[in-house]
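Spelled out, the chains give:
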Amino acid sequence: MRYISTRGQSPSLSFEEAMLSGLARDGGLYVPETVPTLSSDDIRALHGLSYEETAFRVMRPFVGDSFTDATFGDLIARAYAGFGHDARAPLVQLAPGHFLLELFHGPTLAFKDFAMQLIGQLFEEALTRRGERVCIVGATSGDTGSAAIEAFRGLDAVDVFILYPHGRVSEVQRRQMTTPTETNVHALAMDGHFDDCQARLKDMFNDFAFRDEVRLAGVNSINWARVLAQVVYYFSSAVSLGAPDRTVSFTVPTGNFGDIFAGYIAKKMGLPIDRLVVATNQNDILHRCLTSGDYATSEVHPSISPSMDIQVSSNFERVLFDAYDRDGKAVAQLMDELKAGGFKVSQGALQALRENFDSGRASEGETLATIRTAQGTMGELLCPHSAIGVKVAGEHRDPTVPMITLATAHPAKFPDAVEKASGIRPPLPDRMADLFDRPERLTRVGNDLTALETLIRERTLK
Ligand SMILES: *Cc1c(COP(=O)(O)O)cnc(C)c1O
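Everything numeric here is computed off the predicted structure, so don't read it as measured data. (Residues numbered from 1 in each chain as written. Predicted model: local features only at pLDDT ≥ 70, side-chain atom pairs only at ≥ 80, totals over all residues. Heavy atoms only, no water.)

## Describing the overall build of the protein
Then, in step 1: Within the protein, the regular secondary structure consists of 19 helices and 15 strands.
Then, in step 2: Viewed in the frame of its principal axes, the protein has a C-alpha envelope of about 60 × 50 × 50 Å.
Then, in step 3: Looking at the protein as a whole, 61% of its 462 residues are labelled buried.
Then, in step 4: Within the protein, counting contacts between residues at least 6 apart in sequence, those at least 24 apart form 75% of the total.
Then, in step 5: A total of about 16400 Å² of accessible surface is found on the protein, and carbon and sulfur atoms cover 48% of it.
Then, in step 6: Positive and negative charge centroids in the protein, built from 46 and 59 side chains respectively, lie 1 Å apart. (Helix = DSSP H or I, 4+ residues; strand = E, 2+ residues; numbered from the N terminus. Buried < 20%, exposed > 50% of the residue type's maximum accessible area, 1.4 Å probe, protein only. Contact = heavy atoms within 4.5 Å. Areas by Shrake-Rupley, 256 points an atom, 1.4 Å probe, with all protein chains shown as cover. Lys, Arg positive; Asp, Glu negative; His and termini not counted. Charge placed at Lys NZ, Arg CZ, Asp CG, Glu CD.)

## Quick word on the UniProt feature "modified residue: N6-(pyridoxal phosphate)lysine" (unreviewed entry) in the protein
Then, in step 1: As annotated in UniProt, the feature "modified residue: N6-(pyridoxal phosphate)lysine" (unreviewed entry) corresponds to Lys-112 in the numbering used here.
Then, in step 2: Looking at where Lys-112 falls in the secondary structure, it is placed in helix α5 (residues 112-130).
Then, in step 3: When neighbours within four sequence positions are excluded, Lys-112 is seen to be in contact with Asp-143, Thr-144, Ala-147 and Arg-226. (UniProt positions renumbered as here; feature names shortened; annotations may be inferred.)

## Some remarks on the site of the ligand
Then, in step 1: Residues in contact with the ligand amount to 15 residues; listed here are only the nearest, Lys-112, Asp-143, Gly-255, Asn-256 and Thr-408.
Then, in step 2: Note that an oxygen atom of the ligand is positioned 2.8 Å from one of the backbone N or O atoms of Asn-256.
Then, in step 3: Measuring from a nitrogen atom of the ligand, one finds a side-chain N or O atom of Thr-408 at 2.8 Å.
Then, in step 4: Relative to its free-state accessible area of 380 Å², the ligand is covered by the protein chains to the extent of 97%.
Then, in step 5: In terms of residue class, the shell around the ligand is made up of five nonpolar, seven polar and three charged. (Near = heavy atom within 4 Å. Polar contact = N/O pair within 3.5 Å; in protein donor to acceptor, adjacent residues only side chain to side chain. Nonpolar A, V, L, I, M, F, W, Y, C, P; charged D, E, K, R; others polar.)

## A few points about the pairing of strand β9 (residues 248-253)
Then, in step 1: Of all the six residues making up β9, six are buried; the element is thus mostly covered by neighbouring parts of the structure.
Then, in step 2: The alternating pattern of β9 places Val-248, Phe-250 and Val-252 and Ser-249, Thr-251 and Pro-253 on opposite faces, both of which are buried.
Then, in step 3: Here β9 runs beside strand β10 (residues 273-280); their pairing, made up of five bridges, is parallel. Bridged to Val-252 within β10 is Val-278.
Then, in step 4: Chirality of the crossover, the property in question, places the unit of β9, helix α11 (residues 258-268) and β10 among those that are right-handed.
Then, in step 5: Where β9 lies against strand β14 (residues 403-407), three bridges are found, and the strand directions are parallel. Paired with Thr-251 across the bridge in β14 is Thr-405. (Pairing = 2+ DSSP bridges. Right-handed = clockwise from strand over helix to strand, strands pointing away.)

## Points about the packing of helix α4 (residues 69-80) against α5
Then, in step 1: Interaxial distance between α4 and α5 falls to 8 Å at its minimum, and their mutual angle equals 135 degrees. With respect to each other, α4 and α5 are oriented oblique. Here α4 runs over α5; the crossing is right-handed. Touching Thr-71, Phe-72, Leu-75, Ile-76, Arg-78, Ala-79 and Tyr-80 of α4 are Phe-114, Gln-117, Leu-118, Gln-121, Leu-122 and Glu-125, all from α5. (Axes fitted to C-alpha atoms, helices over the stretch in contact; angles between N-to-C directions. Parallel < 35°, antiparallel > 145°, perpendicular 65-115°, else oblique. Left-handed = near helix turned anticlockwise from the far one by under 90°.)

This is the structure in structure tokens:
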């Protein structure tokens, strides 16, 4: 199994190499050269399996010979052992034909834990075997950072630096990043928005001298291994509703297009998915693009769903690569145009996108109203991101096809918005009830590449 770059100018890599490097050197993202498929019988055989067994069968064909079966199975078991729910990703019914996939039972209460906990295990195993160390730098709108820190804290083979937009993450998110005491953890509060953090991260990856010097590795959702880990719960949830003998649709609260791209991969693998619905907040570039074909960036407007306050959706490049018939040159050209403000998707490519994806958006008021009604009529307290999913899913219901909406975070991660909408202040689960008493440790940094590189160099090359 080989991985190729969406811009066509980097050599192909193994799963392990693609995982350890993150971004390709031509600026592209790694995708599998071919997507392996599971037959209807393979999918039917997933009925009744544990989450971990399903994960093994779904991911195994992508991993090649990077890990043995026994090792890969062990690492999966370790990754999910710390989850607060035996099912890992339980499915609850909201209404007739509408289900909620709860992805917030991991250690940091957001779906990012599914990928990050596994990646932590895979990195440690691969690096220990190779006798290497890496420096992980990540950009976060809040949840990736806390999940990465939780997954990598205290590991010998990694330093982890997380850039988050100063003053623009929730207090729970911030504290999850700033309270770990391990010295390999560095929380960096940067001036600007998430897109600025992500842009500086990309700059570091494109500074090859720096990249090689500190042995930079990336765990943002541009990392293929993260996408892969997220494919699993599309299978586990669809199978529990009768796949492959019943088709289902998914609605996914979307920012960087990573989670929904995992659904697209599940579909390419043979899982019978009817529609994949992109749900955005008021930062709706993806919804506008799927509606009009114009991918035009504008200013980020901070919202009550901060993990989706994104205007440059990294993983969209992966689906564009397919929509443009895997023409790396065409993708590279679009990404150049994006630097100048945006691009127009060709008619053919837009049609290809619309074969799989629908989209919708929720305003701030609609998000609050959905939290309120879901609590009142469905008895489910939603986080603002999940509420956007539920609202948009309601507009795309086909009565003959069950809809699964992904609940991406626990309501206690965003207590202010949830309380404002519902009057209920959701408590943190017991295992993290002392989060607000732990001392914080962070470094304030400017939106300045040279200063960031200097700081990272100083702290890693001791
Ligand atoms: C990261 C995140 C999203 C968006 O996921 P993408 O993979 O970036 O599309 C949505 N909701 C929550 C709670 C998140 O943490």
